[in-house]
Amino acid sequence: MPVTYAVTKCRNPKNPDANYFKGTVQKTGELTMEKLAKRINDSTTVTTADCYAVLKSMKQHIVEALHEGQVVVLEDIGRFQLSLQGKCYPEDMLTNPDFKPSEMIKGHRIVFRPEAKLKKEVAAGISLKRISSEAMK
């Protein structure tokens, strides 16, 4: 099945007055954990309930590993790693006894880095189909 996309308007910071456009993937639905478990069941001898239980457990173990500062490596899929967001501060602030570096941390993200094999498999199977676009009217 082709990946559907629409042509949408975008901004160019170097020329904000000009009109620019780009292709944007259009979501066709979601693959939930339950649906994924069913698909795995349909292609293997493992029951849907067992697949679902393993996927739910895997999620919990990923959370625990990220809390422990570990990088979670799923072979042939990718890596999950925790990243912190915060403000930079000058070196002399470190010598101040009242300074708490943790106060400069403003949030976190979970970073996913797909494995090369996954990227190649996705790239090899992509076909595109343009759907009607607001920009094309």
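Computed from a predicted model, the values in this text were never measured in an experiment.

A. Structural detail: unusual backbone geometry. Non-glycine residue D76 carries a positive phi angle of around 65°. Mapped onto the secondary structure, D76 falls in the loop between β3 (72-74) and β4 (78-86). By relative accessible area, which is 44% here, D76 ends up partly exposed.

B. Inspection of the packing of helix α1 (residues 33-43) against helix α2 (residues 48-67) at higher detail. Where α1 contacts α2, the two axes come as close as 8 Å, and the packing angle between them is 130°. By the angle between their axes, α1 is oblique relative to α2. Of the two elements, α1 crosses α2, and the hand of that crossing is right-handed. In this structure, α1 contributes M33, E34, L36, A37, K38, I40 and N41 to the contact, and α2 contributes T48, C51, Y52, L55 and K56. Of the residues assigned to the contact of α1 with α2, the class counts are seven nonpolar, two polar and three charged.

C. Here's a closer look at a nonpolar patch on the surface. On the surface, V122, I126 and L128 cluster together to form a nonpolar patch covering roughly 290 Å² of accessible area. In this fold, I126 is placed in the loop between α3 (116-125) and β6 (128-130). On the accessibility criterion, I126 (45% relative accessible area) is partly exposed.

Analysis parameters
Residues numbered from 1 in each chain as written. Predicted model: local features only at pLDDT ≥ 70, side-chain atom pairs only at ≥ 80, totals over all residues. Heavy atoms only, no water. Helix = DSSP H or I, 4+ residues; strand = E, 2+ residues; numbered from the N terminus. Buried < 20%, exposed > 50% of the residue type's maximum accessible area, 1.4 Å probe, protein only. Axes fitted to C-alpha atoms, helices over the stretch in contact; angles between N-to-C directions. Parallel < 35°, antiparallel > 145°, perpendicular 65-115°, else oblique. Left-handed = near helix turned anticlockwise from the far one by under 90°. Contact = heavy atoms within 4.5 Å. Nonpolar A, V, L, I, M, F, W, Y, C, P; charged D, E, K, R; others polar. Patch = residues over 30% accessible without salt bridge, like charges linked within 9 Å, V, L, I, M, F, W, Y side chains within 5 Å. Areas by Shrake-Rupley, 256 points an atom, 1.4 Å probe, with all protein chains shown as cover. Salt bridge = Lys/Arg side-chain N within 4 Å of Asp/Glu carboxyl O.

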